[in-house]
Amino acid sequence: MISQFKFFSKKWIILFILFFFCTKKITSAQIPKEEAIIQKGKILFEENCTVCHAIHEEIVGPALKNVHQRQTLDWLKKFIRNSQQVIQSGDAYAVQLYEQYNKTQMTSFDFSNEEIMSLLAYIQESSKEKIPLSSIESTPTMESTKEKISTNVDDHLFIKKYFPYIIISLLGILLLILISLLVMITMLINRYQKKDNILPKKKRQPFKKAKKLLLHPTTHYTTLLILVGLIIKTTVEGLYAVGVQQHYAPQQPIAFSHQLHAGKLNIDCQYCHTGVLKSKNASIPSANICMNCHHQIKKDSPEIKKIHLAVEKNQPIEWIRVHNLPKLAYFNHAQHVKVGNIACEQCHGPVQEMEVIYQHQPLTMGWCIDCHRKTDVEAKGNAYYDQLIKIHQKEHPNKPLKVADIGGLACGKCHY
Amino acid sequence: MSQKIYWKGIEELQNSPEFIKNAAAFPDKTTKEKENHLFSRRDFLKMMGFSVAAASLASCETPVRKAIPYLNKPVDIDPGIPNHYASTYIQEGVYCGIVVKTREGRPIKIEGNTLCPLTQGGVNAQVEASVLSLYDEERLQYPQENQTENSWDIIDKKIIQKLESIQQNQGKIYIISHTIISPSTKATIEIFKKKYPNTTHVVYDTPAYDSLIQANTQYFGKAIIPTYRFDKAQTIVSFSADFLGTWLSPIAFTKQYSKMRKVSEQKKKMSKHYQLEANLSLTGANADHRIPIHPQEEGIILIHLYNILAKKSNQTILPTQSKIPSIEKLEKIAQSLWQNQKQSLVISSHHDPSIQILINAINHLLGNYGHTIDFDNPHYTKQGDTQKMQQFVQALQKKQVAAAIFFNANPVYNHPQGAIIAKYLPQVPLSMATNDRLDETATLVHYNTPDHHYLESWNDASPQKNLFSLVQPTITPIFNTRSAPESLLLWSKAPVENYYSFLQSEWKKNLFIQQKEHKDFITFWDQCLYQGIFVVKKKNAPKTALSPLPFALIDAQVKKIHHNHINASQALTLVLYEKIGLGNGTQANNPWLQEMPDPITKVCWDNYLTMSQTLAEQYTLQPKEGKAPVVQLHIGQQKIQIPVIIQPGQAFNTIGLAIGYGRKKGGKVANNVGINSFPLMPMVNGQWSHHITSIKLKPSGQYTTLAQTQTHETYMGKKNIVQETTLADYQKNPWAGSPSITIATNQGKEKPETITLWEGHMYPQHHWGLVIDMNACTGCSACTIACQAENNVPVVGKAEVANRREMHWIRIDRYYSSDATVNDLKGLEKAAENPDVTFQPMMCQHCNNAPCETVCPVLATTHSEEGLNQMTYNRCIGTRYCANNCPYKVRRFNWFKYHDNKKITANTSMNNSLGKMVLNPDVTVRARGVMEKCSLCTQRIQEGKLKAKMEKRKLADEDINTACATACPAEAIIFGDMNNPESKIYQTLHKENTARAYHVLEEIRTQPNVTYLRKIRNQD
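Here we summarise the structure given alongside this text.

Here is what the cut-offs are and how they apply
Residues numbered from 1 in each chain as written. Chains lettered and ligands numbered in written order. Predicted model: local features only at pLDDT ≥ 70, side-chain atom pairs only at ≥ 80, totals over all residues. Heavy atoms only, no water. Helix = DSSP H or I, 4+ residues; strand = E, 2+ residues; numbered from the N terminus. Buried < 20%, exposed > 50% of the residue type's maximum accessible area, 1.4 Å probe, protein only. Contact = heavy atoms within 4.5 Å. Areas by Shrake-Rupley, 256 points an atom, 1.4 Å probe, with all protein chains shown as cover. 1 Å grid on protein atoms, 1.4 Å probe; cavity = no way out; pocket = protein on both sides within 12 Å on 5 of 7 lines; lining within 4 Å. Points joined across faces, edges and corners; volume = space filled by probe spheres on them. Nonpolar A, V, L, I, M, F, W, Y, C, P; charged D, E, K, R; others polar. Buried area = accessible area lost by both parts, 1.4 Å probe. Salt bridge = Lys/Arg side-chain N within 4 Å of Asp/Glu carboxyl O. Polar contact = N/O pair within 3.5 Å; in protein donor to acceptor, adjacent residues only side chain to side chain. Pairing = 2+ DSSP bridges. Axes fitted to C-alpha atoms, helices over the stretch in contact; angles between N-to-C directions.

### Quick look at the overall build of chain A
- For chain A, the count of helices and strands is 17 helices and one strand.
- Split into buried and exposed, the 416 residues of chain A put 31% on the buried side.
- The contacts of chain A with a sequence gap of at least 6 include a subset with a gap of at least 24, amounting to 67%.
- About 27,600 Å² of surface is accessible on chain A, with carbon and sulfur atoms providing 63% of the total.

Written as structure tokens, this is what we have:
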């Protein structure tokens, strides 16, 4: 699988390079190649463009792979700054694009020359980088690879879910085999005894001892103790697990795939979960956010039709809540994501790989507290923490300031 | 200064076994519970134990929770982030500029609008509670014809048809309303009148204020109520006017008054306030000198006061036949007034215009007009006309009324002649009401065309000349209701789209042209909407010239006064008053207001007679086994059974009774609470009087329970709770009144702060605290309701309050001072006839050495790094050790599940799906069996801190404020970070009022984070 993948990417890179040399629109020399500029471009691209564009794939707008080779730099600049003006000027290529993409207007961006160059630098760089799955979808071999990958993920989940059952049943089978073996051996010995007229007394001796041992009170108490211990352990563990919904992955009314949106299409979490930087709720996206793209894309998919229907009927979509905190606990996304600068994945896990969203972490209080103990306060450049840092450094000069040090373990911070 | 002894109520003085029993933090099993025992609690627990454990294990399956996002998210609503809208509270002529906090599109909290020049960010209990009235299930949900549902179109068609035929037949149409201060609504009435010229608009108010208007008409020829300026008055003399509680414009007056009452080391001055009244009112409780007078005495006292002042100014004195009233202080009052000419204020709430004319004459002698009384900016909130209302009732009796439109008015209940209106109303050919519920009046009309709640509607208000205020909807109408002025517009077939566009056109026509700041109307409108108010700035407006009556006419009034009041003997008189909680009863179905203890009597869920100890002894009325005696009150033909409460400070031979109770069709909460006293009012000198003579009292021998909270949660035998001193002493020594507390040790007597068992806490960042200025606090209880709304505090109902299980997180303790000295033990046992009153808001003191924290077996109550005493509900197992160990008695236990509990019907905010909309989503609704208490609005602290952190800056003082401090119209509560030298609380404690600051029960060394500022009385 992997070798195939590599082979293809090499081939494609060669193709790219060939193509690259044939173009005349902008010489690659014009586009900067410094890492810093590419990084700047990357940030710009992710902040402004990913909603409608990807490098290798059409989303709302065209794929931008090697876009610098399609038109002159001036044209690109004009189009980025005000696409409508270019279209209205009657530029054939622009008009064609406009028609091709359902007359969707591209937002005007007031970028400086430098910014546009850095964007192009990033696009050029990432056009070279690798060949993503989507661009080779047509190749049958790759298709099957993709399927395999997804079934592998399924397998993984399947194994994770049923692992204890499998082990238990295997153990059960083993036990059955052992018992039947024991029965068979006893029977064989008996028969052998009868045949050879060997005195049974001699052989019963060990059994008698065992019987004596079995009937001894110490044995009884030990067994009882172990049994009670096991029951208590199971009960306590069971009770601790009450309400813990780790790996909870309910079926949602619409089969929305985070793997596709967050993973493959690389849409920023914030694009849909708009509240995450300002509110306690990250908020489930409203249907109009889905419709931003889906009034164009995959309109006929049965799942997307459900959204259209909901909008038509004016009936909100009732998603199943996956991450449930008890009502007595207060949690604020903005505090963690904006102030604490915690990545979404830290709590929500590899969302970009989840076909069906599931709860990655236990979300128990122990888990919260544990993180509060380990995590450094994101105090740099935040004047709110100045005083706390000063006092902390005086008292513990070499220890970093942890969340727990500034009241992160106080009950009243989350329970009120 | 000799130390005063304080007591809380008659019960404490008598120290009856019931009182001692009740004084404990928790009651024993109530009698009812004892009787109901079929088998013992232990058996029950044994039986239940296993099954409960089994059941709870079986039900461990976590329920599926849904997340339902918007279909189309409104741009300005983000789930989890509150939005604030400036609006205006107008109900029956009560005005308040407000800011409404909404969450996910539903209003959850009301706060004052600081941009409003009149109310300046203050609110009162009624304004705070009005958000719950919005979610009242019992509001009318659709238009009705003969009390069956019908569509707006059909009803409108029928009404218009009938109105037109009435017009053709020259029938008389009446619109009956309370004062309308909305210029646009008034314009709709004018349009209606144009279409139906036979229309008369009748305005009445309860209680009425037209004695003021009439007096000003007769005296100055101006039919207006002026604006009073308590912030300019050095001496205030009020005759029964409860201007801090209910009279005219209490929120604005409290703001102004408290400015003059606050003292600091930089400003050792305060106003002097005399109150002469029969019932002990909230204002009387705050006065420096309160003089109980019989209402019949008021006229003669005024005549004498006038004469003393007239002598000083060399004017003719008024002739009087009656003897000089036996009031020693009258000379002193006159002296103080005379010294503060142009800076004094004499007011009266009397309903007789003659008395008001005399008041005007006195103010005129003192030169107060143009200084403390402002005729240039008349006050519009009371425009009732009793005479016009009388004419309507007469026309009704003579069957001359062809159509009656009750415009949010319920005269069947709140008019003294309600019974007559109820009798003749069904005979009126066409009647409709825009009332919000099927109340006493609305059940008798043909068409019910319910108005929106004010939080759902567009409107405007002009409470004062040149001050305009907008009402904007903060939620889409919950029910199929319609704005009442829009109904009028529709019925007059006016060519307007809706009331909103009409309102805009009115503002464009009348107000947009009066300003130059904005060039186009839309920006002007948006600006007004954002700020909530618009003030017309007029430069060099001409001062109103006031030419008073010739002396002879004042003289004529004196004759009238003699005739109407003085000649009558000072017989037993019933004096009606308004309570600060329930007011005139419009919001009677609001359980928050019903359960708010009256600041004076501390009784909730009832009205009752208040009388002095001496009078009670005359009638042998004494409480028995903690129950109040019931009397039979005979007024003319009417007989009323009503409980009696002994009220220190009540003038002899007077009895007080509150209006606003006794609703019959107000809703489940309101109905049959107390008795309706509106029908008792007699007509005197053309006005409905609040003084009822010729009454007879007869003890009935029965006793009843009143839900009185003052005797609960008391800390007897402890000194150093209330501290006070006089202004003169304070000026000499700012530490005056501070008792020196020492504790006996084996080393001799030591100061409490030198002895401690505690290690103390470190507060590296914030140290939250409250400062409560007992000089500013008027006891109005707005904080109690604000806290209830903010923190989801449940209502428990009358029976549970009587069981001492009320849940308020902040209570207003009221103390009476004893007349006797410390050593006069016999004297201390007697209730003072006229005690000094002190109010002390009491909430969790957030002790640094908290006794509750050490006794909790499960660490459910702990101390935070910021000085808060935290209460973790999910840890609490309900041992109640903490409450027992709390010296301040501020912890509240959830004896029942107050939410989703059909038995606690009064708790509407938690027991029906509509009521639940008012709950604050950031605060947990507590379960049964857990302790709760003031959290110092920790949710607000967290929110404010987060805001600062997100903006990467230091926390500013104004980022956080508690609900109680925000609501306080007197600015008596200051919240802040005591570690921040720039904060107001730091300034108060370290610069302005260091000497006055003290802790309650300092000697037990709990080191509270709540500090009180010693009360200063401006007494001689």
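Now that the structure has been shown, the text picks up again.
### A few points about empty space enclosed by the protein
Residue and element names in this part refer to chain B.
- Throughout the structure, instances matching the rule amount to 19 cavities of 30 Å³ or more.
- Taken as a whole, the largest cavity encloses approximately 810 Å³ of empty space.
- Lining the largest cavity are 44 residues, and of these Ile-90, Gln-91, Glu-92, Asn-408 and Asp-451 sit closest to its centre.
- Of all the secondary structure elements, the ones that give two or more residues to the lining of the largest cavity are strand S3 (83-91) and helix H15 (411-414).
- Of the residues belonging to the lining of the largest cavity, the class tally is twelve nonpolar, 25 polar and seven charged.
- The volume enclosed by the second largest cavity comes to roughly 570 Å³.
- Together, 41 residues line the second largest cavity, and Ser-240, Asp-242, Leu-576, Tyr-577 and Glu-578 are the ones closest to its centre.

### A word on the interface of chain B and chain A
- The interface is formed by 46 residues belonging to chain B together with 55 residues belonging to chain A.
- Between chain B and chain A, a total of about 4,400 Å² is buried, with carbon and sulfur atoms accounting for 59% of that surface.
- Of all residues in chain B, the largest losses of buried area upon contact with chain A belong to B:Arg65, B:Leu71 and B:Lys949, amounting jointly to 18% of the total for that side.
- There are four salt bridges connecting chain B and chain A.
- B:Asp78 is paired through a salt bridge with A:Lys278; the nearest N and O atoms lie 3.2 Å apart.
- At the surface where chain B touches chain A, the tally comes to 20 residue pairs in polar contact (both at pLDDT 80 or more).
- Elements that contribute at least two residues to the side of chain B that touches chain A include exactly strand S2 (66-67), strand S40 (869-871) and helix H30 (938-950) of chain B.

### Describing the sheet that holds strand S43 (residues 973-977) of chain B
Residue and element names in this part refer to chain B.
- A sheet is described by the order of its strands in space; here four strands give the open sequence S43-S36-S45-S44, paired in mixed fashion. The sheet terminates laterally at S43 and strand S44 (997-998), the two strands that pair on one side only.
- Pairing geometry for S44 and strand S45 (residues 1010-1013), over two bridges, is antiparallel. From the neighbouring strand, Tyr-998 faces S45, where its bridge partner is Tyr-1012.
- Contacts from helix H32 (residues 984-992) reach strand S36 (768-773), S43, S44 and S45 within the one sheet, and its direction differs from that of S43 by about 105°.

### Brief notes about the pattern of salt bridges
Residue and element names in this part refer to chain B.
- On inspection of all chains with the given rule, the structure shows 44 salt bridges over all chains.
- Of the charged contacts in the structure, one is a salt bridge between Glu-277 and Arg-290, with a shortest N-O distance of 2.7 Å. With a gap of 13 residues between them, Glu-277 in strand S12 (residues 272-277) and Arg-290 in strand S13 (residues 289-292) connect regions that are remote in the sequence.
- Glu-866 is the salt-bridge partner of Lys-945, the closest N and O atoms lying 2.7 Å from each other. Taken together, the residues Lys-945 in helix H30 and Glu-866 in the loop between strand S39 (861-863) and S40 connect sequence positions 79 residues apart.

### Description of the pairing of S43(B)
All names here are of chain B.
- Of all the five residues making up S43, five are buried; the element is thus mostly covered by neighbouring parts of the structure.
- Every second residue of S43 is oriented toward a common face, with Ile-973, Phe-975 and Asp-977 on one face and Ile-974 and Gly-976 on the other, all of them buried.
- Where S36 meets S43, five bridges bridge the pair, whose relative direction is antiparallel. Bridging across to S43, Trp-768 finds its partner in Asp-977.

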